[in-house]
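Summary of structural features
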Amino acid sequence: MANSSLSTKQFLSAQSSSDFGSLQRSGLRKLPSPALRFSSPRSRHKKLVIQAAGNTFGTYFRVTTFGESHGGGVGCVIDGCPPRLPISEADLQVELDRRRPGQSRITTPRKETDTCRISSGVAEGLTTGSSIKVEVPNTDQRGNDYSEMSISYRPSHADATYDFKYGARSVQILAYVSQVHDVVLPEGLVDHESMTLDQIESNIVRCPNPEYAEKMIAAIDAVRVRGDSVGGVVTCIARNVPRGLGSPVFDKLEAELAKAAMSLPATKGFEFGSGFAGTFMMGSEHNDEFFVDKHGRIRTRTNRSGGIQGGISNGELINMRVAFKPTSTISRKQHTVTRDKHETELIARGRHDPCVVPRAVPMVEAMVALVLVDQLMAQYAQCNLFPLNSALQEPMQLPSLEPTEISL
C-alpha cells in the first residue's frame, strides 16, 4: 500500500487488539479518507457481479486458477488463508514434483520443472492473511505441435464443447433399475433413444425389460422373506440436453451431477459414460470421433464420454449410473454395542425396504433435473445475453413440458 508505512513485521507481530495503537502510530492513521468507502444500500442494489468462469473452488478458503498448459504458465490465487502460517515455495515444490510431467516412461515425455513462485501473500516465511498468488511458468510448451488441432476437434477432448459453450429442445430425463444384487440388465437390451416412461413403470421394480424385471423382483423377494436386503444400480439418461451446459475446472457438469446423486440416501457410487469400464480400454478405443451429420451438426460416432466432455455437455445423450447399498435396517439378528459400551444383539423392528432401488428411481430423476435446470439458467445468463457465434453455438430455446416424461 503506497499510502501506508505499515511494515510486514509489524503486521505479523500484531496478535491482539492491544496492538492497534502501534499500528496507528506506524502510519495506518495517515491513510487519506478516499481509501475508506462505505456503500449505501442504494449503491449495493446497483452492483453487478458475474461469476461464470467456473475456475474458483471454495467459499471461505477459496482457490482460483488461471493459465494454460501451452501458454506462458499456470497458477492460482488463494483467498481466505489465515495469517502467520509458515509456508515456503519449497513446501509447495514437494507436491508439484509429485505430479510434474516427464517423471518416467509411463508419463508424458514433456519436460517441465514446474517450479513455483509465490508473488504475494507470504512475507518472511509466513502468510500475511492477504491473497496468496502462486505462479508456475511453462518452459517446454510447444504450441506449434497443436496447430493442426486448432481447427480439427480432438476426439474425446474438450475442444468441441469449449466452442459450443463459448462460441433447445425438450430435455427428457428417465431413470430405471438396471441391477438388483447379482441380476444385471445387459447393455443393449434397452434402447435409450426410444425408451418411454410407460415401459419403466410397467412393473414394480421399474426395469424396462420385462424378462429381467421378473428376475429382479424374484431376487428381492428371496431376501425379503429372510429379513435381509440387497442393493442395486439406477441408470439415468437425459435426452436432448443443449450443448454447452457446465463449466470447466471445478464446476464440471458431471461433477455437479455426481454431487446431486451422491447426496441421496444410500448411494455408494456414481459413474457416467464408460465409467470404470473405460479403464480397460486404450485411448484409440475409448475416444469418441467427431463427424458432421446430415443436418450439418457436429456429433460423435460413439458416446463413451456420456454426453459430457471437458465438463461441458456436447449435445449427445447423457447417461449415468448410481449405485445404492443394501438397506441398512434389516430384521435379522446383528451384533452391536449400546451407548454405555456394552456388547449386545439387535433385531430391528418396524418396516423397511428389502431394496431401496425401485423407489430411488424418481429421486435420481429429480436430482438430475435440478442440476440441469440450474445449468440451463447459468448458460442462458452467461452466453445467451450477447450475440452468438452462429458457426459454433446454437440458440437456447425454452424447453417444452411433456407431462408423460420428466422434462425441464
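- Under an unreviewed UniProt entry, the name given to the chain is Chorismate synthase, and the source organism is Rhododendron griersonianum.
- UniProt, in its Sequence similarities (unreviewed entry) section for the chain, records the words "Belongs to the chorismate synthase family."
- Note on the chain: under the UniProt heading Pathway (unreviewed entry), the record states "Metabolic intermediate biosynthesis; chorismate biosynthesis; chorismate from D-erythrose 4-phosphate and phosphoenolpyruvate: step 7/7."

**Re the overall build of the chain**
- The secondary structure content of the chain amounts to 10 helices and 19 strands.
- Within the chain, buried positions represent 37% of all 408 residues.

**Quick notes on unusual backbone geometry**
- In this structure, Arg-206 takes a positive phi of about 60 degrees despite not being glycine.
- With phi around 70 degrees, Lys-341 is a residue other than glycine that occupies positive phi space.
- Among the secondary structure elements, Lys-341 is positioned in the loop between strand 17 (334-337) and strand 18 (343-346).

**Some thoughts on the nonpolar core**
- Counting residues in hydrophobic clusters, the biggest one holds 52 residues, and the most contacted among them are Val-180, Leu-257, Phe-324, Val-364 and Leu-372.
- Contributions of two or more residues to this core are made by strand 8 (172-180), helix 7 (210-224), strand 10 (232-239), helix 8 (253-262), strand 16 (318-324) and helix 10 (357-383).
- With 9 residues, the top contributor of residues to this core is helix 10.
- Not counting residues up to four positions away in its chain, the partners in contact with Val-180 are Val-205, Met-216, Ala-219, Ile-220, Val-230, Gly-231, Gly-232 and Cys-355.

**Looking at the layout of surface pockets**
- Estimates place the volume of the largest pocket at around 1100 Å³.
- Lining the largest pocket are 38 residues; nearest its centre among them are Glu-187, His-192, Gly-273, Asn-319 and Arg-321.
- With 4 residues, strand 16 is the single largest residue contributor to the lining of the largest pocket.
- Per-class residue counts for the lining of the largest pocket are 14 nonpolar, 13 polar and 11 charged.

**What about the sheet that holds strand 2 (residues 62-67)?**
- Spatial ordering of the open sheet is given by 1-2-3-7-4, a layout of 5 strands whose pairing is antiparallel. In the strand order of this sheet, the two ends are held by strand 1 (56-57) and strand 4 (117-120), each with one partner.
- Note: strand 1 against strand 2, 2 bridges, orientation antiparallel. Counterpart to Phe-57 in the pairing with strand 2 is Val-63.

**Let's talk about the environment of Glu-285**
- Relative to the assigned elements, Glu-285 resides in helix 9 (residues 283-286).
- With a relative accessible area of 37%, Glu-285 lands in the partly exposed category.
- The spacing of Glu-285 and Arg-304 is 19 residues in sequence and 9.6 Å in space, taken between C-alpha atoms.

**Observations concerning the pattern of salt bridges**
- Overall, the coordinates contain 12 salt bridges when judged by the stated rule.
- For Glu-135, the salt bridge goes to Lys-133, with nearest N and O atoms at 3.7 Å.
- The structure contains a network of salt bridges with shared partners spanning Arg-117, Lys-133 and Glu-135.

**Section: helix 7**
- The end-to-end C-alpha separation of helix 7 is 21 Å, in line with the 21 Å expected for 15 residues at 1.5 Å each.
- In this structure Asn-209 caps helix 7, since a side-chain oxygen of it lies 3.2 Å from the backbone nitrogen of Glu-211.

**Quick look at the confidence of the model for the chain**
- Averaged over every residue, the pLDDT of the chain is 80; the share at 70 or more is 76%.
- Predicted confidence for residues 1-41 stays below pLDDT 50, and this span has 33 contacts to residues more than four positions away or in other chains.
- Here residues 398-408 is a poorly scored stretch, pLDDT under 50, and it has 32 contacts once near neighbours within four places are set aside; other chains count.

**Re the environment of Asn-203**
- When you line up the elements, Asn-203 lands in the loop between helix 6 (197-200) and helix 7.
- Classification of Asn-203 by relative accessible area gives buried; the value is 16%.
- A C-alpha to C-alpha distance of 9.9 Å links Asn-203 and Pro-358, two positions 155 residues apart in sequence.
- Within polar-contact distance, the side chain of Asn-203 engages the side chain of Ser-202 at 3.4 Å.

**Overview of the pairing of strand 3 (residues 73-79)**
- Extensive coverage of strand 3 is indicated by the burial of 5 of its 7 residues.
- Alignment of strand 2 against strand 3, held across 6 bridges, turns out to be antiparallel. Bridge assignment links Gly-67 to a residue of strand 3, and that residue is Val-74.
- The turn linking strand 2 back onto strand 3 is made up of 5 residues.
- Of the pairings in the sheet, the one linking strand 3 to strand 7 (residues 132-137) comprises 6 bridges and is antiparallel in character. Bridge pairing links Val-74 to Val-136 in strand 7.

Criteria and cut-off values
- Residues numbered from 1 in each chain as written.
- Predicted model: local features only at pLDDT ≥ 70, side-chain atom pairs only at ≥ 80, totals over all residues.
- Heavy atoms only, no water.
- UniProt positions renumbered as here; feature names shortened; annotations may be inferred.
- Helix = DSSP H or I, 4+ residues; strand = E, 2+ residues; numbered from the N terminus.
- Buried < 20%, exposed > 50% of the residue type's maximum accessible area, 1.4 Å probe, protein only.
- Core = buried A, V, L, I, M, F, W, Y, C linked by side-chain atoms within 4.5 Å.
- Contact = heavy atoms within 4.5 Å.
- 1 Å grid on protein atoms, 1.4 Å probe; cavity = no way out; pocket = protein on both sides within 12 Å on 5 of 7 lines; lining within 4 Å.
- Points joined across faces, edges and corners; volume = space filled by probe spheres on them.
- Nonpolar A, V, L, I, M, F, W, Y, C, P; charged D, E, K, R; others polar.
- Pairing = 2+ DSSP bridges.
- Salt bridge = Lys/Arg side-chain N within 4 Å of Asp/Glu carboxyl O.
- Expected span 1.5 Å × (residues − 1).
- Polar contact = N/O pair within 3.5 Å; in protein donor to acceptor, adjacent residues only side chain to side chain.
- pLDDT = per-residue confidence, 0-100.

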